[in-house]
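Spelled out from the first residue to the last, the chains are:
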Number of protein chains: 2
Amino acid sequence: MQELFAIFQEVLSRGDVFPYPEETSAAEFAEIWLAPNSFSYVAVDDQANGEILGAYYVKPQWPGRGSHVATATYMVAERARGRGIGRILGEHSLKAAQERGYSAMQFNLVISTNEPAVALWKKIGFKIIGTVPGGFRHRDLGDVDTYLMHRFL
Amino acid sequence: MQELFAIFQEVLSRGDVFPYPEETSAAEFAEIWLAPNSFSYVAVDDQANGEILGAYYVKPQWPGRGSHVATATYMVAERARGRGIGRILGEHSLKAAQERGYSAMQFNLVISTNEPAVALWKKIGFKIIGTVPGGFRHRDLGDVDTYLMHRFL
């Protein structure tokens, strides 16, 4: 988990993707990343001793009557950006969620100013199905809109 | 908490409002209702020895960079339905959230077939800002759409 926590902190410190406070501890991170009924994968670099390049977890959007819908969180190490890792993780997570019986994937907090993410999710079949005005307090831009994105599996 | 849990079970058993599994325990309910950084109120009947008629809790929609937006859950006892308790709780929660510095209120799982709830939230200023297709497995109707509703405070 330590390697994952380091990537989490890296992404968190950008202040433009994750909502969690900067002081989120390793224990709190573990609770987020290893949520009940979740599953998780990492992308490793075969050429570099299995160094972790990115990771995701998938969990039910709701318990019970909403548990047929999955939700997921992704992160890519700073040094691995621009290598298509996000897309590999995204496509892997859709397949893995479908295999586990989920019927749809829903992202609850896609930051509207994170254009590469929005473009990537659209490329692999997601649609914006909702917009929360000013839902995210961006480090540099103030309150920016967030998207709810969704696709069936 | 026991009185609240009884109302929760009552509402839960309808299978048309809450997502949680029917077997949700009192301890699990307490974790839901007393979430970190939440606040909670109950509506009591002055004419009936302070019997609880309904309740709500409010918590941050996200930690950190999303914590200026509140989210809330409401429930009304079966025997108190049709007496305007939902509206009293709704209006009270908006005022209480505003007083605590929240800038908006967001509902994540308004069941589209729960017409009285949708109508009530619209009446007190909420707008539908997103629709999740088939997001809720309704006991009688199968998969029905859910709404994301929002208003500024």
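For the structure, check the block above.
For the structure given in this document, a descriptive report is provided here. Quick caveat, the model's predicted, so the values are computed rather than measured.

Reading the values: the criteria
- Counting of residues starts from 1 at the beginning of each chain's written sequence and follows it residue by residue.
- As a convention, the first chain written is A and the first ligand written is 1, with the rest following in written order.
- Selection of residues for local features in this predicted model requires a pLDDT of at least 70, selection of side-chain atom pairs for listing and counting requires 80 or more, and totals for whole chains, interfaces and linings are taken over all residues.
- Heavy atoms from the whole structure form the basis of all side-chain values; hydrogens and water molecules are not counted.
- Helix numbers and strand numbers start at the N terminus; a helix is a DSSP run of H or I with at least 4 residues, a strand a run of E with at least 2.
- For the radius of gyration, the atoms used are the C-alpha atoms, and the globule rule reads 2.2 Å times the number of residues raised to 0.38.
- Each residue is placed in one exposure class: buried if its accessible area under a 1.4 Å probe, protein chains only, is under 20% of its type's maximum, exposed if it is over 50%, and partly exposed if it falls in between.
- Throughout, a contact is declared for two residues whenever any of their heavy atoms are within 4.5 Å.
- Only the protein chains shown count as cover for residues, and the accessible areas themselves come from Shrake-Rupley with a 1.4 Å probe.
- What counts as buried area is the accessible surface, traced by a 1.4 Å probe, that two parts surrender upon association, with contributions from both included.
- Here, a salt bridge means any side-chain nitrogen of Lys or Arg that lies within 4 Å of a carboxyl oxygen of Asp or Glu.
- We call two N or O atoms a polar contact when they sit within 3.5 Å, provided that within protein one can donate a hydrogen and the other can accept it, with sequence-adjacent residues counted only if both atoms are side-chain atoms.
- Following the grouping adopted for this structure description, the nonpolar residues are Ala, Val, Leu, Ile, Met, Phe, Trp, Tyr, Cys and Pro, the charged ones are Asp, Glu, Lys and Arg, and the polar ones are all others, Gly among them.
- When DSSP locates at least two bridges between a pair of strands, those strands are taken to pair.
- Fitting of the copies onto one another was done by least squares over C-alpha atoms, counting residues only where both copies have pLDDT of at least 70.
- What counts as an axis is a line fitted to C-alpha atoms, over the stretch in contact for a helix, and the angles between N-to-C directions run from 0 to 180 degrees.
- Working rule for angles: under 35 degrees goes down as roughly parallel, over 145 as roughly antiparallel, 65 to 115 as roughly perpendicular, anything else as oblique.
- Here the arc refers to the set of directions running from the helix axis out to each C-beta atom.

1. A short note on the overall build of chain A
Piece 1. The helix and strand inventory of chain A stands at 4 helices and 6 strands.
Piece 2. A compact globule built from 153 residues would reach a C-alpha radius of gyration of about 15 Å, and chain A, at 15 Å, matches this within 12%.
Piece 3. Judged by the C-alpha coordinates and their principal axes, chain A covers about 40 × 40 × 30 Å.
Piece 4. Burial statistics for chain A: of 153 residues in total, 52% are counted as buried.
Piece 5. Across chain A, every contact between residues at least 6 apart in sequence was considered, and the portion connecting residues at least 24 apart equals 59%.
Piece 6. For chain A, the exposed area adds up to about 7300 Å²; of that, 49% sits on carbon and sulfur atoms.

2. Some details on the interface of chain B and chain A
Piece 1. Each partner contributes to the interface: chain B provides 31 residues, whereas chain A provides 31 residues.
Piece 2. Where chain B abuts chain A, roughly 2500 Å² becomes buried across the two surfaces, and 64% of that area is made up of carbon and sulfur atoms.
Piece 3. At the junction of chain B with chain A, the criterion picks out 0 salt bridges.
Piece 4. Applying the counting criterion to the chain B and chain A interface returns 8 residue pairs in polar contact (both at pLDDT 80 or more).
Piece 5. Along the lines of polarity and charge, the residues of the side of chain B that touches chain A split into 14 nonpolar, 12 polar and 5 charged.

3. Here we look at the environment of Gly 82 of chain A
Piece 1. Examined against the element boundaries, Gly 82 of chain A turns out to sit in the loop between strand E3 (69-76) and helix H3 (85-99).
Piece 2. C-alpha of Gly 82 of chain A to C-alpha of Gly 130 of chain A: the two residues are 48 residues apart in sequence and 27 Å apart in space.

4. Topic: the pairing of strand E6 (residues 142-152) of chain B
All names here are of chain B.
Piece 1. Note: strand E4 (residues 104-111) against E6, 6 bridges, orientation antiparallel. In the strand pairing of E6, Ala 104 is matched with Phe 152.
Piece 2. Relative to E6, strand E5 (residues 127-138) runs antiparallel, the two sharing 8 bridges. In the sheet register, Gly 130 faces E6, and the bridge partner there is Leu 148.

5. Quick notes on the relation of the copies chain B and chain A
Piece 1. Here chain B sits on chain A after a turn of 180 degrees about the axis and a move of 0.0 Å along it, with an RMSD of 0.0 Å. On this basis, the relationship between the two copies can be described by a two-fold rotation axis. Taking the C-alpha atom as reference, chain B places Gly 130 of chain B closest to the rotation axis, 1.9 Å from it.
Piece 2. The overlap is high: 100% of the interface residues of chain B also sit at the interface in chain A, so the same surface is used on both sides.

6. Some details on the packing of helix H1 (residues 2-14) of chain A against helix H2 (residues 26-33) of chain A
All names here are of chain A.
Piece 1. It is the contact of H1 with H2, at a shortest axis distance of 10 Å, that shows an interaxial angle of 95 degrees. As summarised for this structure, H1 and H2 are arranged roughly perpendicular, according to the angle between their axes. Of the residues in H2, those in contact with Leu 4, Phe 5 and Phe 8 of H1 are Ala 26, Phe 29, Ile 32 and Trp 33.
Piece 2. A class-by-class count of the residues in the contact of H1 with H2 yields 7 nonpolar, no polar and no charged.

7. Let's talk about helix H2 (residues 26-33) of chain B
Residues and elements named next belong to chain B.
Piece 1. Within H2, burial applies to Phe 29, Ile 32 and Trp 33. Within H2, the buried residues cover an arc of 85 degrees as seen down the axis, which keeps them to one side. Away from the buried face of H2 by more than 90 degrees, exposed residues Ala 27 and Glu 31 are located.
Piece 2. The inward-facing, buried residues of H2 abut helix H1 (2-14), strand E1 (39-45), strand E2 (51-60) and strand E3 (69-76).

8. Observations concerning the pattern of salt bridges
Any two side chains of opposite charge can pair, on the condition that their charged atoms come close.
All names here are of chain B.
Piece 1. Counted according to the given criterion, the structure contains 16 salt bridges over all chains.
Piece 2. Note that Arg 83 and Asp 45 form a salt bridge whose closest N and O atoms lie 3.4 Å from each other. Taken together, the residues span a long stretch of sequence, with Arg 83 in the loop between E3 and helix H3 (85-99) and Asp 45 in strand E1 at a distance of 38 residues.
Piece 3. Assessed through its relative accessible area of 12%, Asp 45 is described here as buried.
Piece 4. Here Arg 87 ties to Glu 91 by a salt bridge, and the two come within 3.1 Å at their closest N and O atoms. Pair noted here: Arg 87 and Glu 91 are both in helix H3, with a separation of 4 residues, about one helical turn.
Piece 5. Given a relative accessible area of 38%, Glu 91 falls into the partly exposed group.

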